[in-house]
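If you want the building blocks of each chain, they are given just below.
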Amino acid sequence: MSPLAETAGLLADRTRAAFCLALLDGRAWTAGELARHAGVRASTASEQLSRLVAGGLLAEERQGRHRYVRLAGPEAAGLVEAVAAYAPEDARPRTLGRSARQGAEARARTCYDHFAGELGVRLADGMVARGLVAEDSGLAVTPEGRAWLADVLGHRQRPGSRRPLVRGCLDRTERRRHLAGVLGAALCATAFDRRWVRRVGSGRAVLLTPAGDEAFRGLLDVRA
């Protein structure tokens, strides 16, 4: 079997796909938490998680008796989000709670370590409009963008880092591009550190705070 077929096969199972989508929040989950999230037995979760780890999509850490798993990195997260973007639209939510959660995630959520949803797309548009990112021949961070990354977000690229400064990521709800890479991750981390956004419940949805609304208006002319 080809490597492509093997990787596709990992995401072809509903339980494994549910695990990967949950882990797009960028945090580490225990096997038990993922089992409850997907509605499967602990033994089933353990078996499926082992396959995902062996396939390179997840990485695991052990602390005492607890086994934590997270997405293996931004490349794995980008793959999961891209596949999700090509999937058919979700069926009508069966409960009011699920409908509210989906609505909140469509407005603003994390995609591994950067912003997605309507907020993520607006931020991407704002960075292009402000000349921080150019899209003439593929996405690239401009000299102004590099200065903004260092001076405003306080980020310095580590020597030898192989992660791209910016990368487009197809948003599964907006069906447009939001920004990943070093720039997207630095903006997301700064927003959490400065309390421009806060998480909503235990999922991927985030809420823009009054301070964040003011900051994004001033920095990128992005309004809530």
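The text that follows walks through the structure, step by step, so that each part is easy to find. (Residues numbered from 1 in each chain as written. Predicted model: local features only at pLDDT ≥ 70, side-chain atom pairs only at ≥ 80, totals over all residues. Heavy atoms only, no water.)

Concerning the overall build of the protein
(1) Moving on: Counting its secondary structure elements, the protein contains 10 helices and 11 strands.
(2) Moving on: What you see for the protein is a C-alpha radius of gyration of 18 Å, in line with the 17 Å of a compact globule of 224 residues.
(3) Moving on: With the C-alpha coordinates aligned to their principal axes, the bounding extent of the protein is approximately 50 × 45 × 35 Å.
(4) Moving on: Per-residue burial for the protein yields a buried fraction of 41% across its 224 residues.
(5) Moving on: For the protein, the accessible area works out to roughly 12300 Å², and carbon and sulfur atoms hold 51% of it. (Helix = DSSP H or I, 4+ residues; strand = E, 2+ residues; numbered from the N terminus. Rg over C-alpha atoms; globule rule 2.2 N^0.38 Å. Buried < 20%, exposed > 50% of the residue type's maximum accessible area, 1.4 Å probe, protein only. Areas by Shrake-Rupley, 256 points an atom, 1.4 Å probe, with all protein chains shown as cover.)

Points about the nonpolar core
(1) Moving on: Within the largest apolar cluster, 29 residues are counted, with the highest numbers of intra-cluster contacts made by Phe115, Leu123, Met127, Trp148, Leu183 and Phe216.
(2) Moving on: Listing elements by their share of this core, those giving two or more residues are α7 (117-129), α8 (143-151), α9 (181-193), β11 (206-208) and α10 (210-220).
(3) Moving on: Of all the elements, α9 adds the most residues to this core, at 6 residues.
(4) Moving on: Formed by 26 residues, the second largest nonpolar core is a distinct cluster that contains Leu10, Ala31, Val80 and Tyr112. (Core = buried A, V, L, I, M, F, W, Y, C linked by side-chain atoms within 4.5 Å.)

A short note on the pattern of salt bridges
(1) Moving on: By the definition in use, this model includes 13 salt bridges.
(2) Moving on: We note a salt bridge from Asp171 to Arg109, for which the minimum N-O separation is 3.2 Å. With Asp171 in the loop between β8 (167-170) and β9 (177-180) and Arg109 in strand β4 (residues 109-111), this residue pair connects regions lying 62 residues apart in the sequence. By the burial criterion, Asp171 is buried, and Arg109 matches it. (Salt bridge = Lys/Arg side-chain N within 4 Å of Asp/Glu carboxyl O.)

Structural notes on the environment of Leu183
(1) Moving on: Here Leu183 lies in helix α9.
(2) Moving on: Residue classification places Leu183 among the buried residues on the basis of a relative accessible area of 1%.
(3) Moving on: Put simply, Leu183 and Ala38 are 145 residues apart on the chain and 32 Å apart in space, counted from C-alpha to C-alpha.
(4) Moving on: Leave out the neighbours within four places in its chain, and Leu183 touches Met127, Val133, Val141, Trp148, Leu149, Leu153 and Leu165. (Contact = heavy atoms within 4.5 Å.)

Describing the side chain of Arg109
(1) Moving on: Accessibility expressed as a relative area gives 0% for Arg109, which makes it buried.
(2) Moving on: A distance of 3.2 Å separates a polar atom in the side chain of Arg109 from a polar atom in the side chain of Glu81.
(3) Moving on: Setting aside anything within four residues of it in sequence, one finds Arg109 in contact with Glu81, His114, Phe115, Ala116, Gly117, Asp171, Arg172, Thr173, Arg204, Ala205 and Val206. (Polar contact = N/O pair within 3.5 Å; in protein donor to acceptor, adjacent residues only side chain to side chain.)

Details of empty space enclosed by the protein
(1) Moving on: What the rule picks out here adds up to 1 cavity of 30 Å³ or more.
(2) Moving on: The volume enclosed by the largest cavity comes to roughly 50 Å³.
(3) Moving on: Considering the residues around the largest cavity, the lining is formed by His114, Phe115, Gly120, Leu123, Ala124, Met127, Leu179, Gly184 and Leu187.
(4) Moving on: Looking at the lining of the largest cavity, the elements with two or more residues in it are β5 (114-116), α7 and α9.
(5) Moving on: A class-by-class count of the residues in the lining of the largest cavity yields 6 nonpolar, 3 polar and no charged. (1 Å grid on protein atoms, 1.4 Å probe; cavity = no way out; pocket = protein on both sides within 12 Å on 5 of 7 lines; lining within 4 Å. Points joined across faces, edges and corners; volume = space filled by probe spheres on them. Nonpolar A, V, L, I, M, F, W, Y, C, P; charged D, E, K, R; others polar.)

Side note on the sheet that holds strand β3 (residues 66-71)
(1) Moving on: The antiparallel open sheet is built from 3 strands, whose spatial order is β1-β3-β2. This sheet does not close on itself; its edge strands, each paired only once, are β1 (29-30) and β2 (58-63).
(2) Moving on: The pairing of β2 with β3 spans 6 bridges and is antiparallel. The partner of Arg62 across the bridge, within β3, is Arg67. (Pairing = 2+ DSSP bridges.)

Thoughts on helix α3 (residues 31-38)
(1) Moving on: Residues of α3 that are buried include every one of Ala31, Leu34 and Ala35, and no others. End-on, the buried residues of α3 take up no more than an arc of 105°, which puts them together on one face.
(2) Moving on: Considering only its buried residues, α3 is in contact with α2 (14-22), β1, α4 (42-54) and β3.
(3) Moving on: Once α3 finishes, Gly39 follows within two positions and takes phi at roughly 70°, a positive value. (Arc of directions from axis to C-beta.)

Quick word on α7
(1) Moving on: Over its 13 residues, α7 runs 19 Å from end to end, which matches the ideal 18 Å to within 8%, given 1.5 Å per residue.
(2) Moving on: Listed in full, the buried residues belonging to α7 are Gly117, Leu119, Gly120, Val121, Leu123, Ala124, Gly126 and Met127.
(3) Moving on: One or two residues past the end of α7 sits Gly131, with phi positive at roughly 80°. (Expected span 1.5 Å × (residues − 1).)

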